[in-house]
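Residue-level structural notes
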Amino acid sequence: MQARIAYVADQRCPSRKANAEQLVNTVAGLASEGLSVDLIIPRSWRSLGKSKAHRYETLLDFYRVPNGFGLTELLHFPSWSLSVDRLTHGLLAPAYAALSSYDIIYTRNWVAAYAALALRKQLLFETYRVHSPSRMDPVTRLARRTTSMNFVGLFAHSEPSRQSLLRVGANASKTAVIPNGYNPDVFEPRLTPAEARQAVGWPAGEKIVCYAGRIDVEKGANSLLDLAEATPELTYVFIGYSQDRRDDWILEASAQRRLPNVRWYPWVKLADLSRYLYAANALVIPPTRQPLVKYGRTVLPLKTFLYMAAGRPIVAPRLPDIASVLTDQNAALVEPDDLEGTVRTLRRLFESVSWSESLARQAEVDSRAYTWRNRARAIV
């Protein structure tokens, strides 16, 4: 009999957050590989009155994923605070999974992971962060429990994350690097840069550098404003939202610095984002080490794989997590926090069309190894 997997996530879906995109595509990928897997998430009170079939179809449409996985939404109290839901759902969902005879609990929620082990259920856990031996957080302690017979596997999204888990005592034979990916369906139909410019209404001759994702200081947004100030001949387009401020705060910050070459667009669904990526001359990951080193919340960002699949030249910092996927053959890697060096690289991208096109072509070719379906196969 096939094992039944309960993927326990504390994220309400659909959501504009990258972790929601990651978990839904992971579950859909596993189901596409023939596994019996159900997604167990908190249910929003605002969804009352809408049928489960409607909620399921909304989820599939939002992420452009195929059906095949089950959906269970647990409505419990309280349900207005996501930070509280992480705790309450982390306790309730594994208990539900145990009572419903699931064989494996798969999660990124450390509360749910401890609950699964306490209930003697088989556990798959994944994490994206780099963990420090000097800071004994719950995941660090959890990594040391990989010696448990019920702890089936510990997945890291990058090699730096895996190495940090090994340093704090994780069992090497149960710890693996399985990077994230992208959904090829959201890049259809494929558009030429000219077609994409027409679709999004951008001027044909404008030199555009695009950033898509969460727009906050801890994500490196200020480093992009520094770039915009240093390269007034280029236009910098921000597409996304903020968790810390008003979504359009980047425009106010640009006005204070007198930067007329900065534009902001609200967050768009994955199904629509590809047109903007196709329309850009270059795609950028903030060229600073702060998101990785200072804030520790950005490790091999999900946008890396979307950028590659778009087949546009990428500018990114040469950091250990990013450099495990992006190379000098598929991206313009720059030294982090080297503004002058990044400016030179950006200008070279626009001056050397052959170099720019070769990077873009190789990125698109290399992206094919990083689909969510391929990730699911690695997990299997």
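Reading the values: rules and limits
- Residues numbered from 1 in each chain as written.
- Predicted model: local features only at pLDDT ≥ 70, side-chain atom pairs only at ≥ 80, totals over all residues.
- Heavy atoms only, no water.
- Helix = DSSP H or I, 4+ residues; strand = E, 2+ residues; numbered from the N terminus.
- Rg over C-alpha atoms; globule rule 2.2 N^0.38 Å.
- Buried < 20%, exposed > 50% of the residue type's maximum accessible area, 1.4 Å probe, protein only.
- Contact = heavy atoms within 4.5 Å.
- Areas by Shrake-Rupley, 256 points an atom, 1.4 Å probe, with all protein chains shown as cover.
- Lys, Arg positive; Asp, Glu negative; His and termini not counted.
- Charge placed at Lys NZ, Arg CZ, Asp CG, Glu CD.
- Arc of directions from axis to C-beta.
- Polar contact = N/O pair within 3.5 Å; in protein donor to acceptor, adjacent residues only side chain to side chain.
- Phe/Tyr/Trp six-rings, centres within 6.5 Å; stacked < 30°, edge-to-face > 60°.
- Pairing = 2+ DSSP bridges.
- Axes fitted to C-alpha atoms, helices over the stretch in contact; angles between N-to-C directions.
- Expected span 1.5 Å × (residues − 1).
- Salt bridge = Lys/Arg side-chain N within 4 Å of Asp/Glu carboxyl O.
- Core = buried A, V, L, I, M, F, W, Y, C linked by side-chain atoms within 4.5 Å.

Helix and strand content of the chain: 15 helices and 13 strands. Relative to a compact globule of 380 residues, whose C-alpha radius of gyration would be 21 Å, the chain shows 21 Å and is just as compact. For the chain, the spread of C-alpha atoms along the three principal axes comes to 60 × 50 × 40 Å. Across the 380 residues that make up the chain, the buried fraction comes to 56%. In the chain, the share of contacts with a sequence separation of at least 24, taken over all contacts with a separation of at least 6, comes to 71%. Looking at the chain as shown, the accessible area adds up to about 16,500 Å², and 52% of this sits on carbon and sulfur atoms. Taking the average place of the 48 positive charges on the side chains of the chain and the average place of its 36 negative ones, the gap between the two points comes to 6 Å.

Further remarks concern helix α7 (residues 193-200). Given 3.6 residues per turn, any residue in an α-helix points the same way as the ones three and four places further on. Among the residues of α7, Ala-196, Arg-197 and Val-200 are the ones counted as buried. Across the axial projection of α7, the buried residues extend over an arc of 105°, all falling on one side. Exposed side of α7, more than 90 degrees from the buried face: Ala-194 and Gln-198 are the residues found there. Along its buried surface, α7 packs onto β8 (208-214) and α10 (270-279).

Mapped onto the elements of the fold, Thr-175 is located in strand β7 (residues 175-177). Only 2.7 Å separates the side chain of Thr-175 from the backbone oxygen of Asn-171, close enough to count as a polar contact. Residues contacting Thr-175, with those up to four places away along its chain left out, are Leu-154, Arg-162, Leu-165, Leu-166 and Ala-170.

Any aromatic ring pair is given by two values, namely how distant the centres are and how the planes are angled relative to each other. This structure, assessed with the given rule, holds 13 aromatic pairs. Aromatic pair Tyr-56 and Phe-69: ring centres 5.4 Å apart, planes at 65°, arrangement edge-to-face. Of this pair, Tyr-56 sits in helix α2 (residues 52-63) while Phe-69 is found in the loop between α2 and β3 (70-74), placing the two residues 13 residues apart along the sequence. Of the residues examined, Phe-69 reaches a relative accessible area of 4% and is grouped as buried. Seen from their ring centres, Tyr-182 and Phe-187 are 5.9 Å apart, and the 85° between their planes marks the pair as edge-to-face. Comparing Tyr-182 with Phe-187 shows no difference in burial state: the two are buried. Aromatic ring contacts, followed pair by pair, group Tyr-7, Tyr-106 and Phe-155 into a single cluster.

Take the sheet that holds strand β5 (residues 122-127) next. The parallel open sheet is built from 7 strands, whose spatial order is β3-β2-β1-β4-β5-β6-β7. Each having just a single partner strand, β3 and β7 make up the two edges of the open sheet. Geometrically, the sheet is characterised by an average inter-axis angle of 20° between neighbouring strands, direction not taken into account. The pairing of β5 with strand β6 (residues 151-156) spans 5 bridges and is classified as parallel. Within β6, the position partnered with Phe-125 by the bridge is Leu-154. Across the sheet, helix α4 (residues 110-118) lies against β1 (4-8), β4 (104-107), β5 and β6, angled at about 160° from β5, the strand it touches most.

A word on helix α13 (residues 339-351). Taking 1.5 Å of rise per residue, the 13 residues of α13 would be expected to cover 18 Å, and the 18 Å separating its terminal C-alpha atoms lies within 8% of that figure. Within the span of α13, buried status applies to Gly-341, Thr-342, Val-343, Thr-345, Leu-346 and Leu-349.

So, on to the pattern of salt bridges. What the rule picks out here adds up to 20 salt bridges. One salt bridge connects Asp-61 with Lys-269, and the closest N-O pair in it is separated by 3.7 Å. Within this pair, whereas Asp-61 is found in helix α2, its partner Lys-269 is found in the loop between β10 (262-266) and α10, the two being separated by 208 residues in sequence. By relative accessible area, which is 27% here, Lys-269 ends up partly exposed. One connected set of salt bridges, linked through shared partners, spans Arg-214, Asp-216, Glu-218 and Asp-244.

A few words on the sheet that holds β10. Overall, parallel pairing links the 6 strands, which are arranged β10-β9-β8-β11-β12-β13 in an open sheet. This sheet does not close on itself; its edge strands, each paired only once, are β10 and β13 (332-334). Averaged over neighbouring strand pairs, the angle between their axes works out to 25° when direction is ignored. Sheet topology note: the strand β12 (residues 314-317)/β13 ladder contains 3 bridges and is parallel. Considered in β13, the bridge of Val-315 is made with Ala-332. Here helix α12 (residues 303-310) sits on the sheet in contact with β8, β11 (282-284) and β12, set at roughly 145° to β8.

It is worth spelling out the nonpolar core at this point. In this structure, Leu-39, Phe-69, Phe-187, Tyr-236, Phe-238, Leu-277 and Leu-326 are the most contacted members of the largest nonpolar core, which totals 95 residues. It is helix α1 (residues 18-32) that contributes the most residues to this core, 7 residues altogether. Residues in contact with Leu-39, not counting those within four places in the same chain, are Tyr-7, Ala-9, Leu-23, Val-24, Val-27, Leu-59, Phe-69, Gly-70, Leu-71 and Thr-72. One finds Val-8, Leu-142, Leu-154 and Val-168 within the second-largest nonpolar core, a separate group that totals 23 residues.

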